[in-house]
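# Coordinate inspection notes
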Amino acid sequence: MRPSPLVLAGLAALLSSCAASPCMASPTDATVLLPWGDGAIALAHLITAFLVPLAITAATAAVARIAGPLQVLITTSLVERLVRNVGDYAINAVAGAVRGRTLSVPVGSAVIAQAVQRALDQAPAWLVTAAGGAEGLAEKVFRSLPLDEEATTGNTLPPALDTLRTGRDRPSPT
């Protein structure tokens, strides 16, 4: 059986139409599509999951290193301010003491005693403790006052501290 020319022509037309269709055409350029956006987002999540805890740890460590010196700095400045304020108060409260003038040993002792008593009465206990207690505060006030050349810690501080002790031993009038 021999194929008819009409069947051969139809078969040729069918093959040529299939060859011209895009599904049967041979690709000249091979393109591969990758979903890179999803991969980038997954990579970003992975990186942030690692870096965020690391950054928080570094920030916490930095705060811990700064906290100690910062506390010392603040406490020191508060103690200096306390000494200045109670010293100014005592100079105004003691008879014979004048701001800007040199104080004699007896007046200096009275000013120191008055300043320390004011601090003990008015300042928070933790600040007085940070200043060294009553004795440490008395030494700081002594160093901040303009005293005579004869004034030393040996002849000015003991009378002030004795005045403080006798003042604490007395019963309060209230």
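Before reading on, note that the structure itself is shown above.
The present account deals with the structure reproduced in this document. All figures in this text were calculated on a predicted structure; none of them were measured in a lab.

## A short note on the pattern of salt bridges
- Taken as a whole and assessed by the stated rule, the structure comprises three salt bridges.
- The salt bridge involving Glu135 is made with Arg165; its shortest N-O contact spans 3.8 Å. Taken together, the positions of Glu135 in helix α5 (residues 133–144) and Arg165 in helix α6 (residues 153–169) put the pair 30 residues apart, joining distant regions of the chain.
- Arg165 is paired through a salt bridge with Asp162; the nearest N and O atoms lie 3.3 Å apart.

## Brief notes about helix α3 (residues 105–122)
- Under the 1.5 Å per step criterion, the end-to-end length of α3 is 26 Å for 18 residues, consistent within 8% with the ideal 26 Å.
- For α3, the full list of buried residues reads Val105, Val107, Gly108, Ser109, Val111, Ile112, Ala113, Ala115, Val116 and Ala119.

## Points about the packing of α3 against α5
- Running from amino to carboxyl end, α3 crosses α5 at an angle of 130°, the nearest separation of the two axes being 9 Å. Judged on the interaxial angle alone, α5 and α3 are oblique. For the crossing formed where α3 meets α5, the hand is right-handed. Each of Ile112, Ala115, Val116, Ala119 and Leu120 in α3 lies in contact with α5, whose residues at this interface are Ala134, Leu137, Ala138, Val141 and Phe142.
- Split into classes, the residues belonging to the contact of α3 with α5 amount to 10 nonpolar, no polar and no charged.

## Observations concerning α5
- For α5, built from 12 residues, the straight-helix expectation of 16 Å at 1.5 Å per residue is met to within 8% by its first-to-last C-alpha distance of 17 Å.
- Within α5, the full set of buried residues consists of Gly133, Ala134, Gly136, Leu137, Ala138, Val141 and Phe142.

## Things to note about the side chain of Thr156
- Counting through the fold element by element, Thr156 comes out in helix α6.
- At a separation of 2.9 Å, a polar atom in the side chain of Thr156 contacts the side chain of Asn155.
- Residues in contact with Thr156, not counting those within four places in the same chain, are Val105, Gly108, Ser109, Ile112, Phe142, Leu147 and Ala151.

What counts and what doesn't
Residues numbered from 1 in each chain as written. Predicted model: local features only at pLDDT ≥ 70, side-chain atom pairs only at ≥ 80, totals over all residues. Heavy atoms only, no water. Salt bridge = Lys/Arg side-chain N within 4 Å of Asp/Glu carboxyl O. Helix = DSSP H or I, 4+ residues; strand = E, 2+ residues; numbered from the N terminus. Expected span 1.5 Å × (residues − 1). Buried < 20%, exposed > 50% of the residue type's maximum accessible area, 1.4 Å probe, protein only. Axes fitted to C-alpha atoms, helices over the stretch in contact; angles between N-to-C directions. Parallel < 35°, antiparallel > 145°, perpendicular 65-115°, else oblique. Left-handed = near helix turned anticlockwise from the far one by under 90°. Contact = heavy atoms within 4.5 Å. Nonpolar A, V, L, I, M, F, W, Y, C, P; charged D, E, K, R; others polar. Polar contact = N/O pair within 3.5 Å; in protein donor to acceptor, adjacent residues only side chain to side chain.

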